[in-house]
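As a plain string of letters, each chain reads:
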Amino acid sequence: MQHVSPVREPLVTGGKTYHDVTQDVSRQVEAAPNIRWMAALAVALFFLGIFFYSVYRTLWYGIGEWGLNKTVGWAWDITNFVWWVGIGHAGTLISAVLLLFRQKWRTSINRAAEAMTIFAVICAAMFPVLHMGRPWLAFYVFPLQNTLGSLWANFNSPLLWDVFAISTYFTVSLVFWYTGLVPDFATIRDRAKGPIAKVTYSLLSMGWKGSAKHWSRYETVSLILAGVSTPLVLSVHTIVSMDFATSVVPGWHTTIFPPYFVAGAIFSGFAMVLTLMLITRVVFKLEDYITLEHIALMNKIMMITGSIVGVAYITEFFIAWYSQVEFEQYAFINRATGPYWWAYWSMMTCNVITPQLVWIRRIRYSIPATFILSIIVNIGMWFERFVIIVTSLHRDYLPSSWAMFSPSWIDIGIYVGTLGLFFTLFLLFAKFFPVINMAEVKSVLKYTVDNGPTYTGHDPHHAVHQPATHGVPASAPVNHDKHD
């Protein structure tokens, strides 16, 4: 007996059966690359080439190739670092926190969000390493045994906290992502026809047989990893914010940064998830799995976190006024009216005003509007990090040390290059790995494969037997997205 809720929209539309889920998700892994995928990969590889050349220039000539100066010692590099870490936040939130809260709507989007987390953290980690100037000495940030000399990391530095927080975040996210892939690798292994594909997916599936013992251990490990990951959602960007909050620079020395950075990270992370999923659902024809309801729910979270970020912006001005510290007051006045006013007001427009459009139902359920909003939010969140870092540094306590920052073309090249790296990794993932978690989507299907009785009324104790054709119940709901 099946129950169709009279209140909630179905999480999978089109009356899909278990076989349909396997077929639809496996198709993009088993089929030859289509022209759209190859064109997108070519563009991503072009920008990846720009990245490698820009990194080569940085390593060969030093960070003097960047636009930094004695006053603005952090600029585009740390801006991009914080931005990429923030983008990686939504993956852990969708995978871990929503799993613990038993939110079933996560099942269609968690796989891509987890992958996005891993690729974003890889992009983020490159910036502090390059900023060291001598990246071949990056291992100095780890505690070393005495045989390598008495060189110990300074555990009082929040920069060192970053190393441990982000490496832990990356490791747990990677294990969580791979654990969820194992049952789907086994499905593709059993369907594989070529010897290379069969051997590859056999190794990746690690002997998965789908037995009750395997499923029990899979669910246990998933819950343990979700419990471990949940504190990371709060801790990682909190620690990143302490890079600034523990300093004495006006505009940075504030206790609001930890919750403010966490909300901003979830805000930008969900925006990037929306960008990727809206493209993925069209390219791989997954409209029945990534439905308008998924998009609307993500829009709501983006709107809530955007509102929290807006409150944080206002609170910063209030605290600067309330503190009666002239340096703090000037730092925030300078942000809004100084030489970088255009960056501040771009940030306010993109992050505070634009997300409020999601209150309108038509926009919340609109594919084009959501796609544009997700791009605007990520632009705004990049400007937020730029405003926090550059406007706080370029004018601090001493007017004699005031200076302006302008990025060099190497700065720009590394940034757009990391976008190329990110999308190259994501496109390869989407082609060779199942982009949707088949096992978890099957657990939320409304219909069975045996064409059994389907209930469509309001009384759960009375089932209505309806005939079904071709494995699809007669009561299967329509995917309204296809009629918009």
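Look a little higher up for the structure.
Not measured: the values here are computed from a predicted model.

Caption draft 1: The overall build of the protein, seen in detail. The secondary structure content of the protein amounts to 16 helices and 4 strands. A buried classification covers 52% of the 484 residues belonging to the protein. With an accessible surface of roughly 22,100 Å², the protein has 69% of that area assigned to carbon and sulfur atoms.

Caption draft 2: A look at the packing of aromatic side chains. Within this structure, the stated rule accounts for 47 aromatic pairs. On the numbers, 6.3 Å between centres and 25° between planes, the contact of F155 with F164 is stacked. Taking the relative accessible area as the measure of exposure, F164 reaches 33% and is therefore partly exposed. Taking 5.8 Å as the distance between ring centres and 90° as the angle between the ring planes, the aromatic pair formed by Y260 and Y313 counts as edge-to-face. Of this pair, Y260 sits in helix α9 (residues 257-283) while Y313 is found in helix α10 (residues 292-323), placing the two residues 53 residues apart along the sequence. An aromatic cluster is built from W76, W83, W84, Y340, W342, W382, F383, F386, Y415, F422 and F423, whose rings are joined through pairwise contacts. K431 extends its terminal NZ or CZ atom over the ring of F432, reaching a point 5.4 Å from the ring centre.

Caption draft 3: Layout of the pattern of salt bridges. In this structure the tally under the stated criterion is 10 salt bridges. R191 is the partner of E30 in a salt bridge, and the nearest nitrogen-oxygen pair spans 2.7 Å. Of this pair, E30 sits in helix α1 (residues 18-30) while R191 sits in helix α6 (residues 158-191); the two residues are 161 residues apart in sequence, bridging distant segments of the chain. Judged by its relative accessible area of 38%, E30 falls in the partly exposed class. According to the relative accessible area criterion, R191 is partly exposed, its value standing at 25%. In this structure, R106 engages E440 in a salt bridge whose closest nitrogen and oxygen atoms are separated by 2.9 Å.

Caption draft 4: How the structure looks around the side chain of T71. Its location among the elements puts T71 in the loop between α2 (35-61) and α3 (76-87). A residue is classified by how much of its surface remains accessible, and T71, at 18% relative accessible area, is buried. The residues contacting T71, other than those within four sequence positions of it, are L393, H394, S401 and A403.

Caption draft 5: Highlighting the nonpolar core. The biggest cluster of nonpolar side chains holds 115 residues, and the ones touching the most others in it are F81, W84, F244, Y260 and F422. Element by element, the count of residues in this core is highest for α9, at 15 residues. In this view, F81 contacts A124, F127, P128, D162, I166, V240 and D243; residues no more than four positions away in its chain are not counted. Core analysis: the second largest hydrophobic core is formed by 5 residues, A96, L99, F176 and A226 among them.

Caption draft 6: Representation of the environment of K70. Among the secondary structure elements, K70 is positioned in the loop between α2 and α3. The class of K70 is exposed, set by a relative accessible area of 87%. With 332 residues separating them in the primary sequence, K70 and W402 have C-alpha atoms 9.7 Å apart.

Caption draft 7: Representation of the packing of α6 against helix α7 (residues 195-205). Across the interface, α6 lies against α7 with an axial gap of 8 Å and an inter-helix angle of 145°. The crossing of α6 and α7 is left-handed. Contacts between α6 and α7 involve Y178, V182, F185, A186, I188, R189 and D190 from the first element and K198, Y201, S202, L203, L204 and S205 from the second. The class makeup of the residues in the contact of α6 with α7 is 8 nonpolar, 2 polar and 3 charged.

Caption draft 8: Main features of the environment of V387. Secondary-structure assignment places V387 in helix α14 (residues 367-394). Residue V387 is classed as buried on the basis of its relative accessible area, which comes to 1%. Remark: the alpha-carbon pair of V387 and W345, spanning 42 residues in sequence, is separated by 9.8 Å.

Caption draft 9: Layout of the packing of helix α11 (residues 326-337) against helix α12 (residues 341-353). Across the interface, α11 lies against α12 with an axial gap of 5 Å and an inter-helix angle of 85°. Taken as axis vectors, α11 and α12 run roughly perpendicular relative to one another. Across the interface between the two elements, R335, A336 and T337 from α11 touch W341, Y344 and W345 from α12. Its residues assigned to classes, the contact of α11 with α12 comprises 4 nonpolar, 1 polar and 1 charged.

Caption draft 10: Representation of unusual backbone geometry in the model. Positioned with a positive phi, M206 is a non-glycine residue whose angle comes to about 55°. As for its position among the elements, M206 is in the loop between α7 and α8 (212-245). The backbone phi angle of K285 is positive, close to 55°, even though this residue is not glycine.

Caption draft 11: Summary view of a nonpolar patch on the surface. The grouping of F139, Y140, F142, W152, F155 and F164 at the surface amounts to a nonpolar patch, some 610 Å² of accessible area in total. Here F139 lies in the loop between α5 (110-131) and α6.

Caption draft 12: Broad picture of the side chain of S173. Position of S173 relative to the elements: it lies in helix α6. What S173 contacts, discounting residues up to four positions off in sequence, is T92, T117 and I118.

What counts, and at which threshold
Residues numbered from 1 in each chain as written. Predicted model: local features only at pLDDT ≥ 70, side-chain atom pairs only at ≥ 80, totals over all residues. Heavy atoms only, no water. Helix = DSSP H or I, 4+ residues; strand = E, 2+ residues; numbered from the N terminus. Buried < 20%, exposed > 50% of the residue type's maximum accessible area, 1.4 Å probe, protein only. Areas by Shrake-Rupley, 256 points an atom, 1.4 Å probe, with all protein chains shown as cover. Phe/Tyr/Trp six-rings, centres within 6.5 Å; stacked < 30°, edge-to-face > 60°. Lys NZ or Arg CZ within 6 Å of the ring centre and 35° of its normal. Salt bridge = Lys/Arg side-chain N within 4 Å of Asp/Glu carboxyl O. Contact = heavy atoms within 4.5 Å. Core = buried A, V, L, I, M, F, W, Y, C linked by side-chain atoms within 4.5 Å. Axes fitted to C-alpha atoms, helices over the stretch in contact; angles between N-to-C directions. Left-handed = near helix turned anticlockwise from the far one by under 90°. Nonpolar A, V, L, I, M, F, W, Y, C, P; charged D, E, K, R; others polar. Parallel < 35°, antiparallel > 145°, perpendicular 65-115°, else oblique. Patch = residues over 30% accessible without salt bridge, like charges linked within 9 Å, V, L, I, M, F, W, Y side chains within 5 Å.

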